[in-house]
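Structural overview for review
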Amino acid sequence: MAGKNINLFLMDGKTTGRIKCSLSNWTGLVYKIPRISLDQCENITTTKHNGIYFLIGSNDEQDALYVGQASKRLNGKGLIDRIKESHDSISFWHEAVLITTRDDYFGPTELYYLENKFHDIATTAKQFMVANSITPSIGNPTEEKQCELDEFIEYSKLLIASMGYKFLVPEVSNDTQILSMVYSDGSAKGTYTEDGRMIVFEGSRINPNVTPACSESTRKLRNRYADVINDYNILQENLEFKSPSGAASFIAGAPVNGNVYWKNEDGKTLKELLNL
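The following paragraphs examine the structure supplied in this document. (Residues numbered from 1 in each chain as written. Predicted model: local features only at pLDDT ≥ 70, side-chain atom pairs only at ≥ 80, totals over all residues. Heavy atoms only, no water.)

1. Some details on helix H1 (residues 78-85)
Every buried residue of H1 is listed here: Gly78, Leu79, Ile80, Asp81 and Ile83. Tucked inside the fold, the buried residues of H1 contact strand S4 (51-59), strand S5 (62-70) and strand S6 (93-101). (Buried < 20%, exposed > 50% of the residue type's maximum accessible area, 1.4 Å probe, protein only. Helix = DSSP H or I, 4+ residues; strand = E, 2+ residues; numbered from the N terminus. Contact = heavy atoms within 4.5 Å.)

Structure representation (structure tokens):
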């Protein structure tokens, strides 16, 4: 992929406030708006345009989001007006991400397609719980329109990720490097992410024995995820850990160095792959 020139404008002069994100030679705009700052957007014309929005927060201690679309109402407020209407019916969110265009290009065809596709991408990524009760309709766009909007989606995902949100990024992509480890009766496969996390894959076998030296944090994780480990000690879903060692210790039931235990198919350790 070629280099991209992304502009992040801190509208309130701080990273925790409102952020406007744009890309050189692209008509799209992405905003991050804290819930408490919605009223401060009343005079921003582009936040009154048609567009797609995500309401982001936590629901029952789980990261959650809601995907919606907004078209201009009689008062002309578009996105901002629609989000304010969601206050009463959706309580869990604390930030909104808005996607629109400088020229207010989106009509019903674009909105239905984008809402459906973003809902599908977020659901497939499995990073957040998607709180929509029904799957949005995709509408009936032409093939040409779909190609145009798919490109818009890719740029939108790039900008959203640049603001620190990973809810549209799958845990495992097609170019993921698979790592594996073995310890006693435990054997697992997983992958190391760009931000230093470790994803342990469904189907990995957890060592049933826990050594006396096993840390309290690892014991707590074993208890926390007991419902996704079957009677044969097989993991029933992907699990994310903050570090390779945390993941390896969970598999082993013992304090082990993940940078040494995780290896690629050629036998190189993660330590060697990272040049540590």
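2. Focus on helix H3 (residues 143-162)
In this model H3 runs 29 Å from its N-terminal to its C-terminal C-alpha over 20 residues, within 8% of the 28 Å that 1.5 Å per residue would give. Taken together, the buried positions of H3 are occupied by Lys145, Leu149, Phe152, Ile153, Ser156, Leu159 and Ile160. Along the long axis of H3, the arc covered by the buried residues comes to 130°, so they all point the same way. Turned more than 90 degrees away from the buried face of H3 sit Glu143, Glu144 and Cys147, all of them exposed. On its buried side, H3 packs onto strand S1 (6-10), strand S2 (19-23), strand S3 (28-34), S4, S6 and helix H2 (108-125). Of the residues flanking the end of H3, it is Gly164, one or two places downstream, whose phi is positive at about 100°. (Expected span 1.5 Å × (residues − 1). Arc of directions from axis to C-beta.)

3. Here we look at the environment of Ile56
Here Ile56 is to be found in strand S4. Taking relative accessible area as the criterion, Ile56 reaches 4% and is therefore assigned buried. The spacing of Ile56 and Asn5 is 51 residues in sequence and 26 Å in space, taken between C-alpha atoms. Excluding residues within four positions of it along the chain, Ile56 makes contact with Ala64, Leu65, Phe92, Trp93, His94, Glu95, Val97, Phe128, Tyr165 and Phe167.

4. Side note on the pattern of salt bridges
Enumeration according to the criterion identifies nine salt bridges in this entry. Between Asp104 and Lys72 there is a salt bridge, and its shortest N-O distance comes to 2.7 Å. Of this pair, Asp104 sits in the loop between S6 and H2 while Lys72 sits in the loop between S5 and H1, and the two are 32 residues apart along the sequence. Ionic pairing is found between Glu240 and Arg197, a salt bridge with its closest N-O pair at 2.7 Å. With Glu240 in strand S11 (residues 239-241) and Arg197 in the loop between strand S9 (186-192) and strand S10 (198-200), the pair connects residues that are 43 residues apart, well separated along the chain. Its relative accessible area of 35% is what places Glu240 among the partly exposed residues. Look at the salt bridges and you will find they share partners, linking Asp39, Glu42 and Lys84 into a network. (Salt bridge = Lys/Arg side-chain N within 4 Å of Asp/Glu carboxyl O.)

5. Things to note about the sheet that holds S10
Taking strand neighbours across the sheet as the criterion, the four strands line up as S8-S9-S10-S11 in an open arrangement whose pairing is antiparallel. Of all strands in the sheet, those bounded by a partner on one side alone are strand S8 (179-183) and S11. With strand direction ignored, the average angle separating the axes of adjacent strands in the sheet is 30°. In terms of strand pairing, S8 meets S9 through five bridges, oriented antiparallel. Within S9, the position partnered with Val182 by the bridge is Ser187. (Pairing = 2+ DSSP bridges. Axes fitted to C-alpha atoms, helices over the stretch in contact; angles between N-to-C directions.)

6. Some points on the packing of aromatic side chains
Enumeration according to the criterion identifies 13 aromatic pairs in this entry. Judged by centre distance (5.8 Å) and plane angle (55°), the ring pair of Tyr183 and Tyr261 falls under tilted. Of this pair, Tyr183 sits in strand S8 while Tyr261 is found in helix H6 (residues 258-261), placing the two residues 78 residues apart along the sequence. Residue classification places Tyr261 among the partly exposed residues on the basis of a relative accessible area of 30%. Its end group placed over the ring of Phe250, Arg222 keeps NZ or CZ at 5.7 Å from the ring centre. (Phe/Tyr/Trp six-rings, centres within 6.5 Å; stacked < 30°, edge-to-face > 60°. Lys NZ or Arg CZ within 6 Å of the ring centre and 35° of its normal.)

7. Re the pairing of S5
Among the nine residues of S5, seven are classified as buried, and the element is accordingly described as predominantly covered. Note that S4 and S5 share nine bridges and pair antiparallel. By the bridge assignment for S5, Asn59 is matched with Gln62. In sequence, S4 turns back onto S5 through a hairpin of two residues, with Asp60 there showing a positive phi of about 55°. Where S5 lies against strand S7 (residues 129-130), two bridges are found, and the strand directions are parallel. The residue bridging Leu65 from the neighbouring strand is Val130, located in S7.

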